[in-house]
Amino acid sequence: MRKAGDSINLFDRIPRVSPDAPLSRRGFLCASALAACGAGTGLLGGCASEENPQVKQGFAADCEIKTYPVSLSLYADANLKWMAGGSAAAAKLGADGLTKLEEYALRYQNQSQRENVSISVHYVEPAQLATLVKEGFTAGDGIVAVDYMVSEGCAAETIDGGAAEYMVRDLSYNLSDRCVIVRKRGTTNMLPNAETIDGDDTPDGQINRLQQLPTYNGKIALANETVATEGVCANKVLANQQFYSNFDGRDGFYDESIASKLRVYPTQDAAMDAVTNGACQLGFAFRSSLNSHYPLVEECYNPQGGVMTYKAAALSRSPEPGVMRDFFAFIMTCTD
């Protein structure tokens, strides 16, 4: 089986992106191979426009196929670089070691009439991405970010979402994560038992361990919501049990019954360090990052309300928004 380097020249995994500096066009250019995303997905291609024979309709009415080469630069939330690939469709193309988003790019470039599209994925830390969303992009064609961030970009008109965001793609089926409670690997640290016979959550989750947080004797680490989406999602988990004031996980406050149990850190890395060095007994983290990014911690509890979803849209400054949207529409056709 080919490794990723055999067919794809991957972009720097953790680039420093400045709003004042244009993005490099480096990235990965996927070689043409077998079409793979389920039967028929590579066959869709509309008729050429009478006004412009170089343009055809893509996977949806607001999507385009171009007859000439197109290079796209895509901003992606840095947390997505820990979301591993491994789909059967990508394996058939000989891919190995790619992220889930990179696999979608590879599969897209092997669809009919999309062979001349190259896609560079740029992973950007959430806090930096939030600044770009509000202040504007000097380069790039598209964005994949958490749902609220894309909506903020549409409101700021830095993202081309259209009226009522009809051109925004909801990728919750294809790209989503869970915020879980973790402990140092090998320890037995755990929340108090739920008020059930066996101490575990009821099947419907109405009675659960997290409700006992006010009686917990240890400390729980979480990242500051303004710099890390893990912090936002942790707050949403707490809000689900009325321990945080806002259900969107932002700009709220903690209930006084649990405030003394929490330790808020400036970064997610710092929060996980606190768990591994014993400063905190538990912490909040995205499930996708546990083995690849934080191998010293392990999941010990999956609370309700911990889902984080992603959306995608073309940037307002993109010269090829229709082709960018065609890629996002393609992702939504994939079922693995």
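Computed from a prediction, not measured in an experiment: that's the story for all the values here. Along each chain, residue indices are assigned from 1 in the same order as the chain's sequence is written. In keeping with the predicted nature of the model, local features appear solely for residues at pLDDT of at least 70, side-chain atom pairs appear and are counted solely at 80 or more, and the whole-chain, interface and lining totals rest on all residues. Side-chain metrics in this entry use all non-hydrogen atoms of the structure; hydrogen atoms and water are not considered.

Here the aromatic set is Phe, Tyr and Trp, taking the six-membered ring for Trp, and pairing holds for ring centres within 6.5 Å; pairs whose planes are under 30 degrees apart are stacked, those over 60 apart are edge-to-face, and all others are tilted. Applying the stated criterion across every chain, the model contains six aromatic pairs. With centroids separated by 5.8 Å and ring planes inclined at 40°, the aromatic side chains of Phe59 and Phe330 adopt a geometry described as tilted. One end of the pair, Phe59, is in the loop between strand 1 (55-57) and strand 2 (64-66); the other, Phe330, is in helix 8 (residues 321-333), and 271 residues separate them in sequence. Judged on exposure class, the residue Phe59 and its partner Phe330 are both buried. Judged by centre distance (5.7 Å) and plane angle (40°), the rings of Phe327 and Phe328 are tilted. With respect to burial, Phe327 and Phe328 carry one shared label: buried. By way of ring pairs, the aromatic residues Phe59, Tyr108, Phe327, Phe328 and Phe330 are connected into one cluster. When the ring centre of Tyr148 is taken as origin, the NZ or CZ atom of Arg250, which lies over that ring, is 4.0 Å away. Per the convention used, a helix needs a DSSP run of H or I reaching at least four residues, while a strand needs a run of E reaching at least two, with both numbered from the N terminus. Throughout this description, buried means an accessible area under 20% of the type-specific maximum (1.4 Å probe, protein chains only), exposed means over 50%, and partly exposed covers the range between. Whether a charge lies above a ring is judged from NZ of Lys or CZ of Arg, which has to be within 6 Å of the ring centre and within 35 degrees of the ring normal.

What follows is about the nonpolar core. Counting 73 residues, the largest nonpolar core has Leu101 and Phe327 as its most contacted members. For this core, the leading source of residues is helix 8, giving seven residues. Here, residues are in contact when the closest pair of their heavy atoms is within 4.5 Å. Ignoring any residue separated from it by four or fewer positions in sequence, one finds Phe327 in contact with Leu74, Leu101, Tyr104, Ala105, Tyr108 and Ile119. The definition of a nonpolar core used throughout is a set of buried Ala, Val, Leu, Ile, Met, Phe, Trp, Tyr and Cys residues joined through side-chain atoms within 4.5 Å. Among the nonpolar cores identified, the runner-up in size contains twelve residues, and Val182, Met272, Ala285 and Leu290 belong to it.

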